[in-house]
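Examining the three-dimensional arrangement
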Amino acid sequence: MASEISPKAEISPKAKIGNNCKIFPFVYIEDDVVIGDNCIIFPFVSICDGSRIGNNNKIHQGSVIAALPQDFNFRGAKSYVRIGNNNVIRENVVINRGTERDGSTVIGDNNFLLEGTHISHDTVVGNNCVLGYGAKVAGDCVIGNGVIFSSGVIQNANTRVGDLSMIQAGCAFSHDVPPYVIAGGRPVAYGGPNTTMMKYAGIDEKVQKHIANAYRLLFHGKTSVFDVVNQIREQVPDGSEIRNIVQFLENTKQGIMCK
């Protein structure tokens, strides 16, 4: 089915737009843009060069996709924002494209970015995440799958958030938040396993107890992360979730929150 495009939208003839899209008045789309099928682009959205947008996405009023990086290292290189399928991007969301040539900012599938969210250059967001009102994610960050940010969360540069973790409202953090946890407070600290999301994801209760034991070793012990990794391997039964925790801890560069 042909797309429904308002004559009041300003769209480059070089842009590629899929089937059955609806594009409202006053949308602005530049040359180097690819939009998949069944997307809805609401009024006053700007979709800039380097945008690669999948299918079944909704982008609401005032959002800017592939805005130039807010990075002093940016020298005009051709870079991208790559958005998957089935995302809802609400009002006034800004997503910057990558800084270096062929670099990308990536948003996966089935994410919900609430009003005022800002995703900076070269950040990668997984699938099934919710980023709350006014969440600000700096450059070169990684957000796993099934992550929830409450309102007003600030994630500083080069940090990571593991799968199925939740960051409580108003937090700002400069260290990594590992998988399957609730994090909150100032400074951000461990608030226990995220049992609600683990249950929703189908993680067995026995495995949830193993995860809780692993984090007791990490957050209540007085040893280094290196020693904790060895303790987890020795004392906690193996499984995919435990391996995910171990790999996350081993790969930290910014350190773990409050550790």
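See above for the structure.
In this report, we go over the structure that sits alongside the text. This one's a predicted model, so the numbers in the text were calculated from it and none came from an experiment. (Residues numbered from 1 in each chain as written. Predicted model: local features only at pLDDT ≥ 70, side-chain atom pairs only at ≥ 80, totals over all residues. Heavy atoms only, no water.)

What to know about the sheet that holds strand β4 (residues 22–23)
Convention followed: Any two strands with at least two DSSP bridges between them are considered paired. Strands here mean DSSP runs of E at least two residues long; helices mean DSSP runs of H or I at least four residues long; both are numbered from the N terminus.
Pairing is mixed in the open sheet, where 11 strands are placed in the order β1-β4-β7-β10-β13-β16-β19-β22-β25-β27-β28. Edge positions in the sheet fall to β1 (4–5) and β28 (189–193), since each has one partner strand and no second. Pairing geometry for strand β16 (residues 112–113) and strand β19 (residues 130–131), over 2 bridges, is parallel. Note that in β19 the partner of F112 across the bridge is V130.

Focus on helix α3 (residues 225–235)
The condition is simple: Relative accessibility under 20% of the residue-type maximum defines a buried residue, over 50% an exposed one, and the middle range a partly exposed one, all with a 1.4 Å probe and only protein chains included. Taking the helix axis as origin, the arc is that swept by the directions to the C-beta atoms.
Those residues of α3 not exposed but buried are V225, V228, V229 and I232. One side of α3 holds all its buried residues, which, seen down the axis, span an arc of 105 degrees. Within α3, the exposed residues directed more than 90 degrees away from the buried face are F226, E234 and Q235.

Some points on the pattern of salt bridges
Test applied: Put simply, a salt bridge is a Lys or Arg side-chain nitrogen that is within 4 Å of an Asp or Glu carboxyl oxygen.
Taken as a whole, this structure holds 5 salt bridges when the rule is applied. We note a salt bridge from R90 to E91, for which the minimum N-O separation is 2.9 Å. Of the charged contacts in the structure, one is a salt bridge between E250 and R233, with a shortest N-O distance of 2.7 Å. Placement of the pair is E250 in helix α4 (residues 240–250) and R233 in helix α3, with a sequence separation of 17 residues.

Looking at the packing of helix α2 (residues 205–220) against α3
We count it as follows: Angles shown run from 0 to 180 degrees and are taken between the N-to-C directions of axes, each axis being a line fitted to C-alpha atoms and, for helices, limited to the stretch in contact. In these notes the angle categories are as follows: under 35 degrees is roughly parallel, over 145 is roughly antiparallel, 65 to 115 is roughly perpendicular, and the rest is oblique. By definition, any crossing whose near helix is turned counterclockwise from its far helix by less than a right angle is left-handed, and any crossing with a clockwise turn is right-handed. Residue contacts follow a heavy-atom distance rule, with two residues in contact if any of their heavy atoms lie within 4.5 Å.
Close contact between α2 and α3 brings their axes to 9 Å; oriented N to C, the two are set at 155 degrees. When the axes of α2 and α3 are compared, the pair comes out roughly antiparallel. The hand of the α2/α3 crossing is right-handed. Counting all contacts with α2, which are made through A214, L217 and L218, the residues of α3 involved are V225, V228, Q231, I232 and Q235.

Considering the side chain of R97
Basically, it comes down to this: Charge assignment in this entry is limited to Lys and Arg as positive and Asp and Glu as negative, and neither His nor the chain termini are counted. Pairs of N or O atoms are called polar contacts if they sit within 3.5 Å, as long as, within protein, a hydrogen donor faces a hydrogen acceptor (for residues adjacent in sequence, only side-chain-to-side-chain pairs).
Locating R97 in the fold gives a position in the loop between β14 (94–96) and β15 (104–107). Buried charge R97 goes without a salt bridge, the closest partner of opposite sign being D49 at 6.4 Å. Within the local environment of R97, its side chain forms a polar contact with the side chain of S79, the two groups lying 2.8 Å apart.

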